[in-house]
Amino acid sequence: MSIKLNTHYLESFIRPHEYAQIADQVRLADKMLREKTGPGNQMLGWIHLPENYDREEFSRIQKAAEKIRKTCDVLIVIGIGGSYLGARAVIEYLRSPNYNLLPGNKPQIYFSGNCISADAMNELLKLCEGKDVCVNVISKSGTTTEPAVAFRVFRNLLEEKYGKAGARERIFVTTDRARGTLKAFSTEAGYETFVVPDDVGGRFSVLSAVGLLPIAAAGIDITKLMEGAAAASRAYTNPDLEQNDCYRYAAIRNILYRKGKVMEILASYEPFSMMFNEWWKQLYGESEGKDLKGIYPASVIFSTDLHSLGQFIQDGNRIMFETVIDIADTGNTCKIPDDPNNIDGLNFLSGMELDDVKKTAMLGTILAHVDGGVPNIVIEVSKRDEFVLGELIYFFEMACAISGYLLAVNPFDQPGVESYKKNMFALLGKPGYEEMGKELRKRLNF
């Protein structure tokens, strides 16, 4: 595997017998997952998705992506939560956070429907002026407020610009296979549709059409991405902690949680990892945060955040542990030039590769934080490409499932998310929510 777990910096925090004591629980979690006897067992389609995906739809995704690349200057991807985070994470990780600014990248890809902001919407509309636009709307039901409103806006834009027939060729819909408002509307309108699998939750859906169409539109090789995930799905089947780094990571998280380490910080040393960290935060936060339990997922980009959060991590409340992503080869190099006047006193770095300085900063930071009482897990990633990222995505998905079962929660539901939606509908006056709206207004004094 291209992903390796380095536990060297945990030796003063976890004793060997603690791995032995949790091993049987890990085997039970694996058994529940594989035999589909645990909570949420109807949502386990992601486990075999990298190998058992729909080849015909996959081919259509590739063709649609090629059509988008040839006919559009701008692709607007509409979705919220897992319907956009995975795609954006992969695009920025493999291409760049500056993807839309770099020459030669077509189409520019912008994300909408993930917030409620007039400013953000108007900025996107301005970015579309004078350009050919395509839309990929991603929603299982079509009735989630944020993406539904955004789809109204951009559908109106396309129909005014190209007419209904022209808009039909530029709207791509990822939704339920057969049910739901958006599926019915898309069939009637004649839009090309792709499937949100019934047995794959949003935060586990990046390797389905939900993520693959925008990713392919960015020119990323989705075949290699799936091959990497498939390799990981075959590798992480042995429940023995000595043989399975993915399960060992899940076990470590829970050992530390039981010692009072209730926050995990995912630390990356590359800005291109920022949105990947956001995807990871949703995956773990929405999967584990329930029944008054869970490890709170946070993230940092070092060395940037060493100058903002570094003090707290070093000397603050000892409730956290860090998981550090160490990418051996990012595919780029940059040597530090010499300064004849040595005005900054850094000529001892002249000629050194910037990545070597970064690596040294990482090691120094790990040692400082460990000495300060913060356990550090290191996940070593061989290089930055589609195959290895596919492995890393699957690594975190499988570890999340095992970890959720170790916490004794259902990792595959999100009952708390529905609460704000109901309140919002009631306060906005949605039909059927009138009485609830009255009660909420009383509580809010308006």
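Coordinates for the structure precede this section.
The paragraphs below set out a description of the structure included in this document. Chains are numbered independently. Their residues run from 1 in the order of the written sequence. Only residues with pLDDT of at least 70 get local features here, since the model is predicted, and only at 80 or more are side-chain atom pairs given and counted; chain-wide, interface and lining totals rely on the full set of residues. Computation of side-chain values covers all heavy atoms of the structure but excludes hydrogens and water.

1. Focus: the packing of helix 1 (residues 16-34) against helix 13 (residues 386-406)
Next up, step 1: Direction vectors running N to C along helix 1 and helix 13 enclose 115°, while the axes themselves pass 9 Å from each other. The angle between the axes of helix 1 and helix 13 places the two elements in the roughly perpendicular class. Relative to helix 13, helix 1 is oriented so that their crossing is right-handed. Where helix 1 approaches helix 13, its residues Ile22, Gln25, Val26, Ala29, Asp30, Met32, Leu33 and Arg34 are matched on the opposing element by Met398, Ala401, Ile402, Tyr405 and Leu406.
Next up, step 2: Counted by class, the contact of helix 1 with helix 13 contains 10 nonpolar, one polar and two charged residues. Inter-axis angles, ranging from 0 to 180 degrees, are taken between N-to-C directions of lines fitted to C-alpha atoms, where helices are fitted over the stretch in contact. Numbering goes from the N terminus for both helices and strands, where a helix is a DSSP run of H or I of at least four residues and a strand is a run of E of at least two. Every angle not falling under 35 degrees, over 145, or within 65 to 115 is termed oblique; those three ranges are roughly parallel, roughly antiparallel and roughly perpendicular. Here a crossing is taken to be left-handed if its near helix is turned anticlockwise relative to the far helix by less than a right angle, and right-handed if that turn runs clockwise. Note on contacts: a residue pair qualifies if any of its non-hydrogen atoms lie within 4.5 Å across the two residues. Gly is placed with the polar residues, together with every amino acid not listed as nonpolar (Ala, Val, Leu, Ile, Met, Phe, Trp, Tyr, Cys and Pro) or charged (Asp, Glu, Lys and Arg).

2. Let's talk about the state of the cysteines
Next up, step 1: Two cysteine sulfur atoms form a disulfide, by the criterion used here, when they sit within 2.5 Å. Summed over the entire model, instances satisfying the criterion amount to one disulfide.
Next up, step 2: Here Cys72 connects covalently by a disulfide to Cys134, the sulfurs 1.7 Å from one another. Of this pair, Cys72 sits in the loop between helix 2 (55-71) and strand 2 (74-78) while Cys134 sits in strand 4 (residues 133-138), and the two are 62 residues apart along the sequence.
Next up, step 3: Looking at the unpaired Cys128, the closest cysteine sulfur is the one in Cys72, lying at 10 Å.
Next up, step 4: Judged by relative accessible area, Cys128 falls into the buried class, the value being 4%. Accessible area is worked out with a 1.4 Å probe on protein chains only. A residue is then buried under 20% of its type maximum, exposed over 50%, and partly exposed in between.

3. Quick notes on the packing of aromatic side chains
Next up, step 1: Between rings of Phe, Tyr and Trp, where Trp is taken as its six-membered ring, a pair exists when centres lie within 6.5 Å; planes separated by under 30 degrees are stacked, by over 60 edge-to-face, and by other angles tilted. Scanning the entire structure with this criterion turns up 20 aromatic pairs.
Next up, step 2: Considering the side-chain rings of Tyr84 and Phe111, the 5.9 Å spacing of their centres and the 50° angle between planes classify their relative orientation as tilted. With a gap of 27 residues between them, Tyr84 in the loop between strand 2 and helix 3 (85-94) and Phe111 in strand 3 (residues 108-112) connect regions that are remote in the sequence. Both residues of the pair, Tyr84 and Phe111, belong to the buried class.
Next up, step 3: An aromatic cluster of at least three residues, connected via ring pairs, comprises Tyr93, Tyr236, Tyr249, Phe272, Phe276, Trp279, Trp280, Tyr284, Phe395 and Phe396.
Next up, step 4: By definition here, charges over rings are those cases where NZ of Lys or CZ of Arg is within 6 Å of the ring centre and within 35 degrees of the ring normal. When the ring centre of Tyr162 is taken as origin, the NZ or CZ atom of Arg170, which lies over that ring, is 4.2 Å away.
Next up, step 5: A cation over a ring is seen here: Arg384 above Phe272, with NZ or CZ 3.8 Å from the ring centre.

4. Description of empty space enclosed by the protein
Think of a ball as big as a water molecule: rolled over the atoms, this probe shows where empty space is left.
Next up, step 1: Cavity and pocket criteria rest on a 1 Å grid covering protein atoms alone: a 1.4 Å probe that fits but cannot get out defines a cavity, protein on both sides within 12 Å along at least 5 of 7 lines defines an open pocket, and an atom within 4 Å of a point defines a lining residue. Grid points are joined across faces, edges and corners, and a volume is the space filled by probe spheres set on the points. What the rule picks out here adds up to one cavity of 30 Å³ or more.
Next up, step 2: Of the volumes computed, that of the largest cavity is approximately 60 Å³.
Next up, step 3: Every residue lining the largest cavity is listed: Tyr269, Glu270, Ile325, Asp326, Ile327, Lys358, Lys359 and Met362.
Next up, step 4: Where the lining of the largest cavity is concerned, the elements lending two or more residues are strand 9 (320-329) and helix 12 (354-371).
Next up, step 5: Of the residues belonging to the lining of the largest cavity, the class tally is four nonpolar, no polar and four charged.

5. Overview of the pattern of salt bridges
Next up, step 1: In the sections that follow, a salt bridge refers to a side-chain nitrogen of Lys or Arg positioned within 4 Å of a carboxyl oxygen of Asp or Glu. Applying the stated criterion across every chain, the model contains 28 salt bridges.
Next up, step 2: Two residues, Glu51 and Arg234, come together in a salt bridge whose shortest N-O distance is 2.8 Å. You can see Glu51 sitting in the loop between helix 1 and helix 2 and its partner Arg234 sitting in helix 8 (residues 222-235), a full 183 residues away along the chain.
Next up, step 3: Residue class for Glu51 comes out partly exposed when judged on its relative accessible area of 32%.
Next up, step 4: A salt bridge links Asp355 to Lys358; its shortest N-O distance comes to 3.3 Å. One end of the pair is Asp355 and the other is Lys358, both in helix 12 and three residues apart, which spans about a single turn.
Next up, step 5: Through salt bridges with shared partners, one network takes in Lys140, Asp176, Arg179 and Asp198.

6. Observations concerning the layout of surface pockets
Next up, step 1: Taken as a whole, the largest pocket encloses approximately 810 Å³ of empty space.
Next up, step 2: Along the wall of the largest pocket there are 28 residues; nearest its centre are Thr144, Gly202, Gln414, Glu418 and Lys421.
Next up, step 3: Contributing elements (two or more residues each) for the lining of the largest pocket: helix 5 (145-168), helix 10 (274-288) and helix 14 (417-428).
Next up, step 4: Ranked by residues supplied to the lining of the largest pocket, first place goes to helix 14 with four residues.
Next up, step 5: Broken down by class, the residue content of the lining of the largest pocket amounts to 10 nonpolar, 11 polar and seven charged.
Next up, step 6: Approximately 580 Å³ is the volume found for the second largest pocket.
Next up, step 7: Taken together, 29 residues make up the lining of the second largest pocket; nearest its centre are Tyr110, Phe111, Ser112, Asn114 and Leu124.
Next up, step 8: Within the residue set of the lining of the second largest pocket, elements represented by two or more residues are helix 3, strand 3, helix 4 (118-127), helix 5 and helix 14.
Next up, step 9: Among the elements that take part in the lining of the second largest pocket, helix 4 stands out by supplying five residues, more than any other.
Next up, step 10: Residue classes in the lining of the second largest pocket are distributed as 17 nonpolar, eight polar and four charged.

Honestly, it's all geometry; don't read function into it.
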